[in-house]
Amino acid sequence: MRTETIAAIATAPGRSAIGIIRVSGPDAVTAVSAVFRPENGKPFSESEDRKMVYGTLLDRDGLPIDRILAVAARAPNTYTGEDTAELHCHGSPAVLAEGLLALFRQRVRQALPGEFTKRAFLNGRMDLIQAEAVADLIDAESAAAARNAAAQLGGAASRKITGIYSRLLDLIAHFHAVVDYPDEEIDPFLPESCLPALEADIQALQTLEQSFDRGRLLTEGIKTAIVGRPNAGKSSLLNALLGYDRAITSSIPGTTRDTIEEKAVLDGVLLRLIDTAGLRETKDTIEQLGVERTRAALREAELALVVLDGSEPLRTEDHIVMEEAVAVPRSIAVVNKSDLPLVLDLDFVRARFSNVCVVSALDSAGISTLSAEIARILDGNTPPPAGEILTNVRQAEAVARARESLRAAADGIRDGITPDAALSDIEAALAALGQLTGRTLQEDVVGRIFERFCVGK
Ligand SMILES: Nc1nc2c(ncn2[C@@H]2O[C@H](COP(=O)(O)OP(=O)(O)OP(=O)(O)O)[C@@H](O)[C@H]2O)c(=O)[nH]1
Ligand SMILES: [Mg+2]
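Residues numbered from 1 in each chain as written. Chains lettered and ligands numbered in written order. Predicted model: local features only at pLDDT ≥ 70, side-chain atom pairs only at ≥ 80, totals over all residues.

Participant: Give a description of the overall build of the protein that names residues and reports values.
Facilitator: Looking only at helices and strands, the protein features 15 helices and 13 strands. Here the C-alpha atoms of the protein give a radius of gyration of 29 Å, more than 25% beyond the 23 Å that 2.2 N^0.38 yields for 457 residues. Taken along the three principal axes of its C-alpha coordinates, the protein extends 80 × 75 × 35 Å. Looking at the 457 residues of the protein, the share that counts as buried comes to 42%. Summarising the internal contacts of the protein: among those between residues at least 6 apart in sequence, 66% fall at separations of at least 24. (Helix = DSSP H or I, 4+ residues; strand = E, 2+ residues; numbered from the N terminus. Rg over C-alpha atoms; globule rule 2.2 N^0.38 Å. Buried ≥ 20, exposed ≤ 12 C-beta atoms within 10 Å, placed from the backbone. Contact = placed C-beta atoms within 7 Å.)

Participant: Can you explain the site of ligand 1? Please cite residues and give values.
Facilitator: Surveying the vicinity of ligand 1 reveals 24 residues, the closest of which are Gly233, Ser235, Ser236, Thr256 and Gly278. Element by element, the count of residues in the shell around ligand 1 is highest for helix α8 (residues 234-242), at three residues. Classifying every residue of the shell around ligand 1 by side-chain character gives seven nonpolar, 14 polar and three charged. (Near = placed C-beta within 6 Å. Nonpolar A, V, L, I, M, F, W, Y, C, P; charged D, E, K, R; others polar.)

Participant: So what about the environment of Leu346? Which residues, and what values?
Facilitator: Within the fold, Leu346 resides in helix α11 (residues 346-352). As for Leu346 and Ala73, which are separated by 273 residues in sequence, their C-alpha atoms are 65 Å apart.

Participant: I'd like to hear about the sheet that holds strand β2 (residues 16-24), residue by residue, with values.
Facilitator: With mixed pairing, the seven strands of this open sheet are ordered in space as β3-β4-β5-β6-β2-β1-β7. In the strand order of this sheet, the two ends are held by β3 (36-38) and β7 (108-110), each with one partner. Going from strand to strand, the sheet's axes swing by 35° on average, the running direction of each strand aside. (Pairing = 2+ DSSP bridges. Axes fitted to C-alpha atoms, helices over the stretch in contact; angles between N-to-C directions.)

Participant: Tell me what's going on with α8, and back it up with residues and numbers.
Facilitator: Summarising burial for α8: eight of the nine residues are buried, a large majority. Of all the positions in α8, only Lys234, Ser235, Ser236, Leu237, Leu238, Asn239, Ala240 and Leu241 are classed as buried. Looking at the buried residues of α8, the elements they touch are β8 (222-228), β9 (260-266), β10 (269-275), β11 (303-309), β12 (330-336) and α12 (367-379). Following α8 by one or two positions, Gly243 has its phi on the positive side, about 85°.

Participant: Can you break down the domain arrangement of the protein residue by residue, with the values?
Facilitator: Parsing the protein into structural domains produces domain 1 (5-122), domain 2 (156-215 + 392-451) and domain 3 (221-379). Between the C-alpha centres of domain 1 and domain 3 the distance comes to 52 Å. (Domains from an automatic or database assignment.)

Participant: Please give an account of the environment of Glu302 that cites residues and values.
Facilitator: Note on placement: Glu302 falls in the loop between α9 (285-300) and β11. Spatially, the C-alpha atoms of Glu302 and Arg330 are 6.4 Å apart, while their sequence positions differ by 28 residues. In this structure Glu302 touches Ile222, Lys223, Pro329 and Arg330, once residues within four positions along its chain are discounted.

Participant: Pulling in residues and values, what's your account of helix α7 (residues 195-220)?
Facilitator: Helix length check: α7 (26 residues) gives 38 Å between terminal C-alpha atoms against 38 Å at 1.5 Å per residue, within 8%. In α7, a bend of some 30° at Asp213 exceeds every other bend along the element. Taken as a whole, α7 has its buried residues at Leu198, Asp201, Ile202, Leu205, Leu208, Ser211, Gly215, Leu217 and Leu218. For α7, the elements touching its buried residues are α5 (143-153), α6 (156-180), β8, β10 and α13 (393-414). Phi turns positive, to about 95°, at Gly221, one or two residues after α7. (Expected span 1.5 Å × (residues − 1). Bend = angle between axes of the 7 residues up to and from the residue.)

Participant: Quick one: what's the story with unusual backbone geometry, residue by residue and with numbers?
Facilitator: Ala75 connects to Pro76 through a cis peptide bond whose omega is 5°. Tracing the sequence through the fold places Pro76 in the loop between β5 (64-73) and β6 (84-91). Of note, the phi angle at Arg50 is positive, near 55°, even though the residue is not glycine. When you line up the elements, Arg50 lands in the loop between β3 and β4 (53-58).

Participant: Please set out the sheet that holds β8 residue by residue, giving values where relevant.
Facilitator: Pairing in this open sheet of six strands is mixed, and the strands run β9-β10-β8-β11-β12-β13 from one edge to the other. Of all strands in the sheet, those bounded by a partner on one side alone are β9 and β13 (356-358). Averaged over all neighbouring strand pairs, the angle between strand axes comes to 25°, with direction disregarded. Direction of pairing for β12 relative to β13: parallel, over a ladder of three bridges.

Participant: Requested: an account of the pairing of β5, with residues and values cited.
Facilitator: By the bridge criterion, six bridges tie β4 to β5 in an arrangement that is antiparallel. Each residue of the ladder has a partner; that of Val53, found in β5, is Ala70. The turn joining β4 and β5, which pair antiparallel and follow one another in sequence, is formed by five residues; a positive phi near 80° is taken by Gly62. Pairing between β5 and β6: five bridges, direction antiparallel. Its bridge partner being in β6, Ala70 is matched across the sheet by Leu87.

Participant: Outline the pairing of β8, listing residues and values.
Facilitator: Of all seven residues making up β8, six are buried, and the element is well covered by its neighbours. Pairing of β8 with β10 involves five bridges; the strand directions are parallel. By the bridge assignment, Thr224 is partnered in β10 with Leu273. Of the strand pairs in this sheet, β8 and β11 are connected by five bridges, and their pairing is parallel. Counted as the bridge partner of Thr224 is Leu303 from β11.

Participant: Explain the packing of α6 against helix α14 (residues 419-437) to me, and be specific about the residues and the numbers.
Facilitator: Interaxial distance between α6 and α14 falls to 10 Å at its minimum, and their mutual angle equals 150°. Between α6 and α14, the angle is such that the two are roughly antiparallel. Both α6 and α14 take part in a crossing whose hand is left-handed. In this structure, α6 uses Ser158, Ile161, Thr162, Ile164, Tyr165, Leu168, Leu169, Leu171, Ile172 and Phe175 to contact α14, whose residues at the interface are Pro419, Leu423, Ile426, Glu427, Ala429, Leu430, Leu433, Leu436 and Thr437. Looking at the contact of α6 with α14, its residues break down into 15 nonpolar, three polar and one charged. (Parallel < 35°, antiparallel > 145°, perpendicular 65-115°, else oblique. Left-handed = near helix turned anticlockwise from the far one by under 90°.)

Have a look at this one:
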């Protein structure tokens, strides 16, 4: 069956300076030729690859509707691996819709979400990890997440997996050669001799698998609970970190009753800031529910910002908060209200917390130092090189299956199982890695992956 030619608006909906229509498939260039009249008089179908051509876009009735730039790129060195064309129009939704409708008259149909990238994958222009990195890159909410996605797109994680994949493939090929051609002079297959390589591969897979936790933080944000007794200034701190008034603040203790969550990028790190109800004993049932939510937020938090009112002595409630925050993996004591005279025993706080920041949520003094401190703490555990961080469950799960199969193979070899039993484990590992990069993949999984994309990508 002849491949269909597809088109979609590739830029975000709404008015903008420029809007791009993207076309891919065997008829891409001829279809655009029919709706675009180059200023230089040369037919668009004869235009040079990757060279912008200025001209007029025609609507369904052949009437001029915009002055645009169009560019063609012919297979196979294109994003999709097919002939492609792009129309760079003025960013009016009406113009873009009309341009698309004109193309639909030229044996072109609307592209489905992710269809351009799916074609790139099916045509071998990228593997699945790279294809998923495209979606990650578009979704990236922080520079760190974008950098990792860009490196994945460049093939950083893929190369690692492909290296392991081809080593395992060699191993299996060697075994089959020995079994199938007993008369040939091939080095004997000694399962024990593959043990060091197998262990190294298991180690590499394990590192990748562990990187997933970090990857999740990159894309989902680090859960950061802002805790403290009522009136310490938690909501004011949230607002100061966000740079706008998100939460209600007041001098009445117990203002915040429910947890409030907002994402923020501080010094390149994506955080999920959670403002909480002040921790205290209370008879108010609604406030009690809020306090329970505060405790739940603390249990799940990866970082706690323990807010203390520097203008008052430490109270029992502050000590309780400090106790409870110990369970969180990382914490910073935020001594607030630095615009008022310091009354709180700072030495006591310094003795309990290795990270202490003195700020004023009211006039934002010390907030940038706090942001830098947060970024520093979270980057402390040396990150793996960008691009070698797995960012989705599908990838992490496939890596885990591959590692488990290789573990079974290595343990089996040590216990003296037959080579073919060990090989069937290695084959299972190969299959899992093949699914990761998309070498061996069921149609339904591919479909599910590309549904995540936006139309036009
Ligand atoms: N002077 C001064 N006042 C502050 C500062 N930060 C907060 N406040 C004041 O302290 C009071 C309590 O602030 P909130 O941010 O509502 O305190 P909270 O910890 O969220 O309180 P609850 O929601 O009741 O638990 C308000 O009157 C704020 O204006 C600060 O840095 N300096
Ligand atoms: Mg509050």
